Amino acid sequence: MKALARLVLGLVIFDAAVTAPTLEPINYDSETYDATLEDLDDLYNYENIPIGQAEIEIATMMPSGNRELLTPPPQPEEAEEEEEESTPRLIDGFSPQEPEFTRVLGPQTSEDFPTCLLCTCISTTVYCDDHELDAIPPLPKNTAYFYSRFNRIKKINRNDFASLNDLRKIDLTSNLISEIDEDAFKKLPELRELILRDNKIRQLPDLPTTLTFIDISNNRLGRKGIKQEAFKDMYDLHHLYLTDNNLDHIPLPLPENLRALHLQNNNILEMHEDTFCDVKNLTYIRKALEDIRLDGNPINLSKTPQAYICLPRLPIGSLV
């Protein structure tokens, strides 16, 4: 009976051994696992460590076959893009270049100061007001609006505004200007506004026909200061201010689109019937010219009533 039991138990153990999974050998390709016991003793010898350096992190090295598991995952592309976008870019994707010194501060003045350091440059506008300047400073090529009021400028030279093709406005109010070169303004293709009031100008040079606003009030133009037909071809001229200039006549012909004509405090003595109107065409109406100032002149407006029949408003002036 005992022999039979031992036989059954032996068969069960044999069957279990046969059905058990086979273990495959694991190959650890690592210098650590190839080391001898003596090497391991030297590797993990902690007896000679100084007391001050006792706190050292101890870890068992991972076999090289599995080291790639510890490699940190690559950073996402979004982080790289954010770092690159920290540099400002233009619309076309290119990074802006550092502006040149002369581009930022403008050309050098006669005193070896850049114009935009001596004056104030904002975009395409240059402000040189009240700086005791005695000449027009060199301006950046892209200047569109130039203000140099309350200075001591005495003359405007032909090269002061040369090659400034974008210049639209010049304001030289309250200087000491008495002389202007003949072609100082003529070659400015975009000039729209010219303000030269409160100076000592005796002769007005040729002006570009693109002007829409002219103010030369309080100067010394006198009888011959304005050339004949000086404003004839200025089809877009809207405002013409010539007050306080000792003029003895109204400069004719006046542009058709003129809206305001200020001639107060001059020496105008007479006016013709065709100064503003077309005497040959009684139906002609000059709709644009609504503001005419002749007050402060010795002229009697009541003597030439036919000169105003085409105007939407009567001129302001003496009627006696």
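Here the structure is a predicted model, which means the values were calculated and not measured.

Rules of the game
- In this convention, every chain numbers its residues from 1, walking through the sequence in written order.
- Totals for whole chains, interfaces and linings use every residue, but because this is a predicted model, local features are given only for residues with pLDDT of at least 70 and side-chain atom pairs only at 80 or more, for both listing and counting.
- Think of the side-chain values as coming from all heavy atoms in the structure, minus any hydrogens and water.
- Only the six-membered ring of Trp is used, alongside the rings of Phe and Tyr, when aromatic pairs are assigned; centres must lie within 6.5 Å, and planes under 30 degrees apart are stacked while those over 60 apart are edge-to-face, with the rest tilted.
- We treat two strands as partners when DSSP finds at least two bridges between them.
- Put simply, DSSP marks the helices as runs of H or I at least four residues long and the strands as runs of E at least two long, and each gets a number from the N terminus on.
- Note on method: axes are straight lines fitted to C-alpha atoms, helices fitted across the in-contact stretch only, with angles between N-to-C directions ranging 0 to 180 degrees.
- Within this scheme a cavity is a closed region of a 1 Å grid, computed over the protein atoms alone, that accommodates a 1.4 Å probe without allowing it to escape, whereas a pocket is open but has protein on both sides within 12 Å along at least five of seven lines; lining residues each have an atom within 4 Å of a point.
- Grid points are joined across faces, edges and corners, and a volume is the space filled by probe spheres set on the points.
- Under the grouping applied here, Gly and all other residues not named as nonpolar or charged are polar, the nonpolar ones being Ala, Val, Leu, Ile, Met, Phe, Trp, Tyr, Cys and Pro and the charged ones Asp, Glu, Lys and Arg.
- Disulfide assignment relies on a single distance test, namely cysteine sulfur atoms paired within 2.5 Å.
- Each residue gets one of three labels from its accessible area relative to the maximum for its type: buried under 20%, exposed over 50%, partly exposed in between, using a 1.4 Å probe on protein chains only.
- Residues form patches when they are more than 30% accessible in relative terms and have no salt bridge. Like charges link within 9 Å. Nonpolar side chains (Val, Leu, Ile, Met, Phe, Trp, Tyr) link within 5 Å.
- Accessible surface is estimated by sampling points in the Shrake-Rupley manner with a 1.4 Å probe; for residues, cover comes only from the protein chains shown.
- Salt bridge, as used here: a side-chain nitrogen of Lys or Arg that lies within 4 Å of a carboxyl oxygen of Asp or Glu.
- We score Asp and Glu as negative and Lys and Arg as positive, and we do not count His or the chain ends.
- Throughout, a charge is located at the NZ atom of Lys, the CZ atom of Arg, the CG atom of Asp or the CD atom of Glu.

Trainee: Hey, could you go over the packing of aromatic side chains for me, with residue numbers and the actual values?
Mentor: Two measures describe an aromatic ring pair: the distance that separates the ring centres and the angle between the ring planes. Going through the model one piece at a time under the given rule, you end up with four aromatic pairs. The structure contains a cluster of three or more aromatic residues connected by ring pairs, namely Phe 146, Phe 161 and Phe 185.

Trainee: Quick one: what's the story with the sheet that holds strand β9 (residues 239-241), residue by residue and with numbers?
Mentor: In space, the nine strands of this open sheet follow the order β1-β2-β3-β5-β7-β8-β9-β10-β11, with mixed pairing throughout. With one partner strand each, in any of the chains shown, β1 (120-122) and β11 (291-293) form the two edges of the open sheet. Taking each pair of neighbouring strands and ignoring which way they run, the sheet shows an average axis angle of 5 degrees. As defined by bridge partners, strand β7 (residues 193-195) adjoins strand β8 (residues 213-215) across three bridges and the pair is classed as parallel. The residue of β8 that forms the bridge with Glu 193 is Phe 213.

Trainee: Break down empty space enclosed by the protein for me, with residues and values.
Mentor: According to the stated counting rule, one finds one cavity of 30 Å³ or more in the structure shown. Of the volumes computed, that of the largest cavity is approximately 40 Å³. What lines the largest cavity is simply Cys 277, Asp 278, Asn 281, Leu 282, Tyr 284, Ile 309 and Cys 310. Considered class by class, the residues forming the lining of the largest cavity number five nonpolar, one polar and one charged.

Trainee: Lay out the state of the cysteines with the relevant residues and their values.
Mentor: Taken as a whole and assessed by the stated rule, the structure comprises three disulfides. Two residues share a disulfide in this structure: Cys 116 and Cys 121, whose sulfurs sit 2.0 Å from each other. For the disulfide bridge between Cys 116 and Cys 121, the dihedral angle about the S-S bond is near -85 degrees, and by the sign convention the bridge is left-handed. Judged by its relative accessible area of 26%, Cys 121 is partly exposed. Two residues share a disulfide in this structure: Cys 119 and Cys 128, whose sulfurs sit 2.0 Å from each other.

Trainee: I'd like a rundown of the environment of Lys 287, residues and numbers included.
Mentor: Turning to its location among the elements, Lys 287 is positioned in the loop between β10 (260-262) and β11. Separated by 23 residues in sequence, Lys 287 and Cys 310 place their C-alpha atoms 8.0 Å apart.

Trainee: Run through a positive patch on the surface, naming residues and quoting values.
Mentor: A cluster of basic residues, Lys 154, Lys 200, Arg 202 and Arg 220, forms a positive patch at the surface. Examined against the element boundaries, Arg 220 turns out to sit in the loop between β8 and β9.

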